[in-house]
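For reference, the chains in residue letters:
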Amino acid sequence: MGWQHWGRGVCCWLLWAAGVGLEVRADDLGHPWPATTSVATAGFLGSHLATLPDGDRYRNEQNTFSPDGELLAVLGSDGHIRVWNWRRKQLLQTLLRDSRNNIGYPDQTLAFSPDGRWLAYCHPSAKDGRNLSVWNTHDWQLQPTEPGGRGDYTGLNFSSNGRELLVLQDAPSRTSDGSRLSVYRSADWQVDWQWGLSDRFFGRQMALSPDGKTLAIAGERYPDLPINWSWPEKHRYQLHFLSLVTRQVLFSIEPMLEMTRGRMVWRPDGQVLAMFGSLYPLGREPSGPTNSDGLHLYAFPAGELIQRDNWSNANRAFVSVRYSPDGKYLLLSDGRMRNGYYGQGLRILDAHSLAALQEIPGNVTAISFSADGRYLSLAGSDEIRIHAFTPPLAQ
């Protein structure tokens, strides 16, 4: 059913383009944002290699390839993680977890370790107190993990050598403690060390730099006590860059993006951090469809905003933001349902100029690249499609 919505989205988009044309404009810093050049799947999406049928029972919220590209782990909104041998279209494992979940929020809660030995998932506090689930991919046995303390777990990243697992943890509800970072040893899954970020700072998204030395955490800080959870006037959006070598904050900025449902990813060369989130005026409560969305790029280590584009009244939901492994392309997906059909699908940008190279309408709730960049997984509401990723110059 989901790919029928995809086809309906293509037809609607083509009718709109024929009637009103495509808009060519520049972003807020004067960089060009050209109109899309194609709406067909030809171009960047090569051969359709596999379709994994999941029925229409749930949405596919996250997916991630194993390091060797042979397995695909998919998180569904029904609270299950399904592990596929996608080439054979064979479902290998269905991993169960607690019914509480953080579906629709961070998209960095499911990951394979760099050597492929472990699959980790973190989630809000479960009935049995388990916030972190780790499976051995050889026998799919659940590993005993030390509880990291009270509070929801909202994001994770493996270190570049796979020896540590970094988990972002919220403070217990309605306290002033703020978020903290818990670092687990993969040797025994015990907490090695913890780091309190700052009082009343609540992290929403985290992203580990490609070299594994810097952790970016975006969220908001509430200076008022007691905390007013209904958008207090003085709260501030913050982006912290943390050194995992010295265990100190390198610098912090105020990005003006609300990241509860935002996304954040490093360019593979580690010189740029891309953020997508909701653009709200400070001290004002969100007001539904009048809100704007923003794609902001920050240079590292300078911390300067180098490119941005804001969409007023866009009402879009880029639920996945990914760089291609070679760093040449930035992909954004939109799976929000509106007006009876799904969102704006897959948008492929030039990673440096942000020129829009291709747009494929439809329902794409999650995207993932294989480590070598050869394969691209597009998850819809009821199935997953795997394509060869073949940029036009490479064809």
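Sequence positions are assigned chain by chain, starting from 1 and proceeding in written order. Side-chain atom pairs in this predicted model are given and counted only at pLDDT of 80 or more, local residue features only at pLDDT of at least 70, and totals for whole chains, interfaces and linings cover all residues. For the side-chain quantities, the full set of heavy atoms in the structure was used; hydrogens and water were omitted.

1. Section: the environment of Ser186
Condition: Helix numbers and strand numbers start at the N terminus; a helix is a DSSP run of H or I with at least 4 residues, a strand a run of E with at least 2. Here, two residues are considered to be in contact whenever any of their heavy atoms come within 4.5 Å of each other.
Along the chain, the position of Ser186 falls in the loop between strand 13 (180-185) and strand 14 (191-196). Taking the C-alpha atoms as reference points, Ser186 and Ser159, separated by 27 residues in sequence, lie 10.0 Å from one another. Ignoring any residue separated from it by four or fewer positions in sequence, one finds Ser186 in contact with Trp118, Gly162, Arg163 and Glu164.

2. A short note on the sheet that holds strand 4 (residues 60-65)
The cut-off we apply is this: By the convention used here, strands pair only if DSSP detects at least 2 bridges between them. To get an axis, fit a line to the C-alpha atoms, keeping to the stretch in contact for a helix; angles then go from 0 to 180 degrees between the N-to-C directions.
What the four strands build is an open sheet, ordered 4-5-6-7; its pairing is antiparallel. Edge positions in the sheet fall to strand 4 and strand 7 (90-95), since each has one partner strand and no second. Sheet twist, expressed as the average angle between the axes of neighbouring strands with direction ignored, equals 20 degrees. One ladder, built from five bridges, connects strand 6 (residues 81-85) with strand 7; its direction is antiparallel. Counterpart to Val83 in the pairing with strand 7 is Gln93.

3. Section: the packing of aromatic side chains
In plain terms, the rule: Aromatic contacts are taken between Phe, Tyr and Trp rings whose centres are within 6.5 Å, Trp giving its six-membered ring; a plane angle under 30 degrees counts as stacked, one over 60 as edge-to-face, and the others as tilted. Only protein chains enter the accessibility calculation, which uses a 1.4 Å probe; a residue whose area is less than 20% of its type maximum is buried, one above 50% is exposed, and one in between is partly exposed. Definition used: whenever NZ (Lys) or CZ (Arg) falls within 6 Å of the ring centre and also within 35 degrees of the ring normal, the charge is taken to sit over that ring.
Evaluation of the coordinates by the stated rule reveals 14 aromatic pairs. With a centroid separation of 5.1 Å and an interplanar angle of 80 degrees, the aromatic rings of Phe44 and Tyr329 are classed as edge-to-face. Separated by 285 residues along the polypeptide, Phe44 in the loop between strand 2 (32-33) and strand 3 (45-53) and Tyr329 in strand 24 (residues 329-334) bring together distant segments of the chain. A single burial state applies to Phe44 and to Tyr329, both of which are buried. Each residue in the set Phe44, Tyr329, Phe369 and Phe389 is aromatic and connected to the rest through ring pairs, giving one cluster. If you follow Arg247 out to its NZ or CZ, it ends over the ring of Trp193, 3.9 Å from the centre.

4. Points about the pattern of salt bridges
Under the convention used in this document: Think of a salt bridge as a Lys or Arg side-chain nitrogen and an Asp or Glu carboxyl oxygen that are within 4 Å of each other.
A full pass over the atoms with the stated rule returns six salt bridges. Between Arg204 and Glu220 there is a salt bridge, with the nearest N and O atoms lying 2.8 Å from each other. Of the two residues, Arg204 sits in strand 15 (residues 201-208) while Glu220 sits in strand 16 (residues 214-221), which places them 16 residues apart along the sequence. Residue classification places Arg204 among the buried residues on the basis of a relative accessible area of 15%. In this structure Glu220 comes out as buried when scored by relative accessible area, which is 3%. Across the salt bridge formed by Asp269 and Arg267, the nearest N and O atoms sit 2.9 Å from each other. Taking relative accessible area as the criterion, Asp269 reaches 41% and is therefore assigned partly exposed. Judged by relative accessible area, Arg267 falls into the buried class, the value being 8%. Here the residues in one salt-bridge network are Arg185, Asp188 and Asp192, joined through shared partners.

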